[in-house]
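Single-letter residue listing:
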Amino acid sequence: MNIDSGDANYVHKQTEASAEWIIVHNLNKYPAVSIIDSAGDEVVGNVHYDSVNQVTITFTGAFKGTATLN
């Protein structure tokens, strides 16, 4: 049996270099966060769940990239 959990995800594209990313994802949960910089490398940041629909990620330096929340 194949059951579709319907689990939503959100992809945030940070187009302006910043050391703080504020992401409104509207997933109504505290999602796992994966971050990839513009060079394609995985990055670790300090993830703070502001609410079930917003997360703030802080880094030691400013950069552009993508955050996938699921």
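Everything below is about the structure shown above.
Residues numbered from 1 in each chain as written. Predicted model: local features only at pLDDT ≥ 70, side-chain atom pairs only at ≥ 80, totals over all residues. Heavy atoms only, no water.

A. Main features of unusual backbone geometry. In this model, Asn-26 sits at a positive phi of 55°, which is unusual for a non-glycine residue. Relative to the elements of secondary structure, Asn-26 occurs in the loop between β1 (10–24) and β2 (33–37). Among the residues examined, Asn-26 registers a relative accessible area of 56% and is labelled exposed. Phi at Asn-28 takes a positive value of approximately 60°, unusual for a residue other than glycine. Note on placement: Asn-28 falls in the loop between β1 and β2. (Helix = DSSP H or I, 4+ residues; strand = E, 2+ residues; numbered from the N terminus. Buried < 20%, exposed > 50% of the residue type's maximum accessible area, 1.4 Å probe, protein only.)

B. Main features of the nonpolar core. If you look at the biggest cluster of nonpolar residues, it comprises 11 residues: Trp-21, Ile-23, Leu-27, Ile-35, Val-43, Val-55, Ile-57, Phe-59, Phe-63, Ala-67 and Leu-69. Of all the secondary-structure elements, those providing two or more residues to this core are β1 and β5 (54–69). Among the elements that make up this core, the one with the highest residue count is β5 (six residues). In contact with Ile-57, other than residues within four places in its own chain, are Ala-19, Glu-20, Trp-21, Ile-23, Val-33, Ile-35, Gly-45, Asn-46 and Val-47. (Core = buried A, V, L, I, M, F, W, Y, C linked by side-chain atoms within 4.5 Å. Contact = heavy atoms within 4.5 Å.)

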